[in-house]
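Okay, here's what each chain looks like letter by letter:
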Amino acid sequence: MSTKLLPFINKCLYFAQISLWPALCVVCRQPSDTQRDLCTACAIRLIHIPDPCLGCGLPLPPGRPPDRRCGTCTAGLRAIHRTLAPFAWQPPLAPLVSAYKYHGQLQCGRVLSELLLEEIRASYAAAALPQLLLPVPLHPRRLRERGYNQALLVARQVGRALNLPVAPTLLRRIRDTPAQQGLHAAERKRNLRRAFSLGDITPLSGLTRIAVVDDVITTMSTVDTLARLLHRRLPETLEIHAWAFVRA
Ligand SMILES: [Zn+2]
Ligand SMILES: [Zn+2]
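All of these numbers come straight from a predicted model, not from anything done at the bench.

Observations concerning the pattern of salt bridges
For the structure on display, the rule yields six salt bridges. The residue Asp215 makes a salt bridge to Lys101 at a minimum N-O spacing of 3.2 Å. Highlighted residues: Asp215 in the loop between β5 (209-213) and β6 (216-217) and Lys101 in helix α4 (residues 93-102), separated in sequence by 114 residues. Lys101 sits in the buried class, given a relative accessible area of 17%. In this structure, the salt-bridge partner of Arg142 is Asp176, at a minimum N-O distance of 3.0 Å. Of the two residues, Arg142 is situated in helix α6 (residues 140-146) and Asp176 in the loop between β3 (171-173) and α8 (185-192); the sequence distance between them amounts to 34 residues. The partly exposed category is assigned to Arg142, whose relative accessible area is 25%. Owing to a relative accessible area of 26%, Asp176 belongs among the partly exposed residues under this scheme. The network of salt bridges with common partners includes Arg36, Glu114 and Glu118.

So, in structure tokens, the structure goes:
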């Protein structure tokens, strides 16, 4: 078949698909005008973190050149090397994350993971990707209640698209910490200490970059605690990246 014909056929099939079986937008519940379950009108309402710090993802003062780090990250006070959590905790994204995490609406997670994937591709266009993905673990009791680990599903979807392996059981949550929402940073830290353990680190040998995957990064306490745990048994030179939908 001619190389010109194939893209034309694909385009026709695409338009036939979105006209005959339109996806439903997970935000406005109207037929989506795109290939994913998110319409163009809702997608442009998503709020990106402006000028994020490369280390922690928080917004830097306006006017700074891109890819810079805030004072805390420049001073080397974080165990995380690079954070990508591109969206702000604002509608329409925040209700989608809650629907995914707390109400079993896995289609919201699929859309969020696709959005994250686009951001990863753009952000790492000129940088080497991590070589392995580690989802933030849930305590077994929480996993039984929820039925799924939201961070693992994100890691699997992103990993499949980027051809990156996922190690789902390397990090374990051994204490069921209370909900972190509404706690100060010091209380979170206290809560998280000894909450996690590290399994067999053989899959990490020889790696130089890994990413910890979560849904929301609030104070960096969780990802920072995990990075410090990893660094206790692995070289300091191992770059630990953190990926999530939201930097709250
Ligand atoms: Zn919509
Ligand atoms: Zn920073």
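Let's talk about the pairing of strand β7 (residues 239-243)
Within a regular beta strand, the side chains point alternately toward one face of the sheet and then the other, so they alternate between its two faces. Most of β7 is tucked away: four of the five residues are buried. Bridge analysis of strand β1 (residues 82-84) against β7 gives three bridges, and the strand direction is parallel. By the bridge assignment, Arg82 is partnered in β7 with His241. Pairing of β5 with β7 involves five bridges; the strand directions are parallel. When the sheet's bridge partners are listed, Ala211 is paired in β7 with His241.

Considerations on the nonpolar core
Core analysis: the largest hydrophobic core is formed by 35 residues, its most contacted members being Leu134, Leu204, Ile210, Leu230 and Ile240. Breaking this core down by element, the ones donating at least two residues are β2 (132-135), β4 (196-198), β5, α9 (221-233) and β7. The dominant element in this core, judged by the number of residues it contributes, is α9, at five residues. Excluding residues that lie within four positions of it along the chain, Leu134 makes contacts with Ala167, Leu170, Leu171, Ile210, Ala211, Val212, Val213 and Leu230. Grouped together as the second largest cluster of nonpolar side chains are 34 residues, Leu38, Tyr148, Val158 and Val246 included.

A few points about the coordination of the zinc ion (ligand 1)
Surrounding the zinc ion (ligand 1) are the protein donor atoms Cys25 (SG), Cys28 (SG), Cys39 (SG) and Cys42 (SG), at 2.3 Å. Around the zinc ion (ligand 1) sit four donor atoms; with metal-centred angles ranging over 101 to 117 degrees, the donor geometry is tetrahedral. Residue classification places Cys28 among the partly exposed residues on the basis of a relative accessible area of 30%.

Thoughts on the domain arrangement of the protein chain
By domain assignment, the protein chain separates into domain 1 (9-45) and domain 2 (47-247). Listed as interface residues are eight residues of domain 1 and, on the opposing side, eleven residues of domain 2. Together, the buried faces of domain 1 and domain 2 total about 830 Å²; carbon and sulfur atoms form 60% of this surface. Of all residues in domain 1, Val26, Arg36 and Arg45 bury the most surface against domain 2, accounting for 63% of the area lost on that side. At the junction of domain 1 and domain 2, the tally comes to two salt bridges. Residue Glu114 is joined to Arg36 by a salt bridge in which the shortest nitrogen-to-oxygen separation is 2.9 Å. Taken together, domain 1 and domain 2 are joined by four residue pairs in polar contact (both at pLDDT 80 or more). In the side of domain 1 that touches domain 2, the residues fall into four nonpolar, no polar and four charged.

Some points on unusual backbone geometry
In this structure, the amide linkage connecting Pro91 to the following residue, Pro92, adopts the cis form with an omega of 5 degrees. Along the chain, Pro92 turns up in the loop between β1 and α4. Not every positive phi belongs to a glycine, and Asp51 is a case in point at roughly 40 degrees. Tracing the backbone shows Asp51 in the loop between α2 (40-43) and α3 (71-74). One non-glycine residue with positive phi stands out, namely Asn163, at about 60 degrees.

What counts, and at which threshold
- Residues numbered from 1 in each chain as written.
- Chains lettered and ligands numbered in written order.
- Predicted model: local features only at pLDDT ≥ 70, side-chain atom pairs only at ≥ 80, totals over all residues.
- Heavy atoms only, no water.
- Salt bridge = Lys/Arg side-chain N within 4 Å of Asp/Glu carboxyl O.
- Helix = DSSP H or I, 4+ residues; strand = E, 2+ residues; numbered from the N terminus.
- Buried < 20%, exposed > 50% of the residue type's maximum accessible area, 1.4 Å probe, protein only.
- Pairing = 2+ DSSP bridges.
- Core = buried A, V, L, I, M, F, W, Y, C linked by side-chain atoms within 4.5 Å.
- Contact = heavy atoms within 4.5 Å.
- Donors = N, O, S within 2.8 Å, 3.2 Å for Na, K, Ca; no water.
- Tetrahedral: all angles 85-135°; square planar, octahedral: opposite > 155°, others 65-115°.
- Domains from an automatic or database assignment.
- Buried area = accessible area lost by both parts, 1.4 Å probe.
- Polar contact = N/O pair within 3.5 Å; in protein donor to acceptor, adjacent residues only side chain to side chain.
- Nonpolar A, V, L, I, M, F, W, Y, C, P; charged D, E, K, R; others polar.

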